Amino acid sequence: MTLAKIVYASMTGNTEEIADIVAEALENLNIEVEINECTQVDPEDFEDADICVVATYTYGDGELPDEIVDFYEELQEIDLSGKTYGVCGSGDTFYDDFCKSVDDFDAVFTKIGASKGADSVKVDLAAEEEDIQNLEAFAKKLAEAVQ
């Protein structure tokens, strides 16, 4: 069975909800899902997955959340060639660097050899109906990319 691993960072619960929406959508497509908060796993855990997903928020003026910095730095040290990835997350359009952390992870996955399975999804604060539809479509594209 295809395995997706989702790693997330969430302060207010918005990004955890985004990760849960993606997880549920993947499970509905008959994909096994493991979902973990970023301080509970290591980037090497992605080596066992077919689909690697990071859901993160962006802090302040485009900074990575403190709790995901170590994961981000360690991720750059592994090779995920042959893996499919996707990145999603939340931010606040009030800031100039809206969802910059999503773009930062996207760049790292490309650098370490993973194949982009779906365009990144960026959510302004909490997921609304349109965002949920975009996240479900994101999950569907990831699933299709590994079949």
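Here the structure is a predicted model, which is why all the values come from computation and not from measurement.

Rules and cut-offs
Residues numbered from 1 in each chain as written. Predicted model: local features only at pLDDT ≥ 70, side-chain atom pairs only at ≥ 80, totals over all residues. Heavy atoms only, no water. Helix = DSSP H or I, 4+ residues; strand = E, 2+ residues; numbered from the N terminus. Rg over C-alpha atoms; globule rule 2.2 N^0.38 Å. Buried < 20%, exposed > 50% of the residue type's maximum accessible area, 1.4 Å probe, protein only. Areas by Shrake-Rupley, 256 points an atom, 1.4 Å probe, with all protein chains shown as cover. Lys, Arg positive; Asp, Glu negative; His and termini not counted. Charge placed at Lys NZ, Arg CZ, Asp CG, Glu CD. Core = buried A, V, L, I, M, F, W, Y, C linked by side-chain atoms within 4.5 Å. Contact = heavy atoms within 4.5 Å. UniProt positions renumbered as here; feature names shortened; annotations may be inferred. Expected span 1.5 Å × (residues − 1). Arc of directions from axis to C-beta. Axes fitted to C-alpha atoms, helices over the stretch in contact; angles between N-to-C directions. Parallel < 35°, antiparallel > 145°, perpendicular 65-115°, else oblique. Left-handed = near helix turned anticlockwise from the far one by under 90°. Nonpolar A, V, L, I, M, F, W, Y, C, P; charged D, E, K, R; others polar. Pairing = 2+ DSSP bridges. Right-handed = clockwise from strand over helix to strand, strands pointing away. 1 Å grid on protein atoms, 1.4 Å probe; cavity = no way out; pocket = protein on both sides within 12 Å on 5 of 7 lines; lining within 4 Å. Points joined across faces, edges and corners; volume = space filled by probe spheres on them.

Draft legend 1. The overall build of the protein, seen in detail. Looking only at helices and strands, the protein has 4 helices and 6 strands in total. Secondary structure elements of the protein, listed N to C terminal, follow the sequence β-α-β-β-α-β-α-β-β-α. Its C-alpha atoms give the protein a radius of gyration of 14 Å, near enough to 15 Å, the size a compact globule of 147 residues would have. Residues counted as buried form 48% of the 147 residues belonging to the protein. About 7,200 Å² of surface is accessible on the protein, with carbon and sulfur atoms providing 39% of the total. The positive charge centre, built from 8 side chains, and the negative charge centre, built from 37, are 9 Å apart in the protein.

Draft legend 2. Structural context of the nonpolar core. Residues Phe46, Ile68, Phe71, Leu75, Leu80, Phe105 and Phe109 are the most contacted members of the largest nonpolar core, which totals 26 residues. Of all the elements in the fold, those that place two or more residues in this core are β1 (3-8), β3 (51-57), α2 (69-75), β4 (84-91) and α3 (100-111). When residues of this core are assigned to their parent elements, the largest contribution, 4 residues, is made by α3. Setting aside its immediate chain neighbours within four residues, Phe46 contacts Lys5, Val7, Cys52, Val53, Val54, Phe71, Leu75, Leu80, Lys83 and Phe109. Counting residues in hydrophobic clusters, the runner-up holds 25 residues, among them Ile6, Ile51, Cys88 and Leu142.

Draft legend 3. Up close: the UniProt feature "domain: Flavodoxin-like" (unreviewed entry) in the protein. As recorded in UniProt, the feature "domain: Flavodoxin-like" (unreviewed entry) lies at residues 4-143. Segment residues 4-143 splits into 35% helix and 23% strand. End C-alpha atoms: 9 Å apart.

Draft legend 4. Summary view of helix α4 (residues 129-145). Taking 1.5 Å of rise per residue, 17 residues should cover 24 Å, and α4 covers 25 Å from first to last C-alpha, within 8% of that figure. For α4, the set of buried residues is Asp131, Leu135, Phe138, Ala139, Leu142 and Ala143. Viewed along the axis of α4, the buried residues span an arc of 135 degrees, placing them on a single side of the element. Across from the buried face of α4, at angles greater than 90 degrees, the exposed residues are Glu129 and Glu130. Elements in contact with the buried residues of α4: α1 (14-28), β3, β4 and β6 (121-124).

Draft legend 5. Inspection of the packing of α1 against α4 at higher detail. For the pair α1 and α4, the least separation of the axes is 8 Å and the interaxial angle reads 50 degrees. In terms of axis orientation, α1 runs oblique to α4. Of the two possible hands of crossing, α1 and α4 adopt the one that is right-handed. Facing Ile18, Ile21, Val22, Ala25 and Leu26 of α1, the residues of α4 in contact are Ile132, Leu135, Glu136, Phe138 and Ala139. Here the contact of α1 with α4 is composed, by residue class, of 9 nonpolar, no polar and 1 charged.

Draft legend 6. Broad picture of the pairing of strand β2 (residues 32-37). In terms of strand pairing, β1 meets β2 through 6 bridges, oriented parallel. Pairing of Tyr8 across the sheet is with Glu37, part of β2. Crossover β1 to β2 through α1 is right-handed.

Draft legend 7. Focus on the layout of surface pockets. Quantified by volume, the largest pocket comes out at close to 270 Å³. For the largest pocket, the lining is made up of 16 residues, of which Tyr57, Thr58, Gly91, Asp92 and Leu125 are closest to its centre. Among the secondary structure elements, those contributing two or more residues to the lining of the largest pocket are α1 and β4. Class assignment for the residues of the lining of the largest pocket results in 7 nonpolar, 7 polar and 2 charged.

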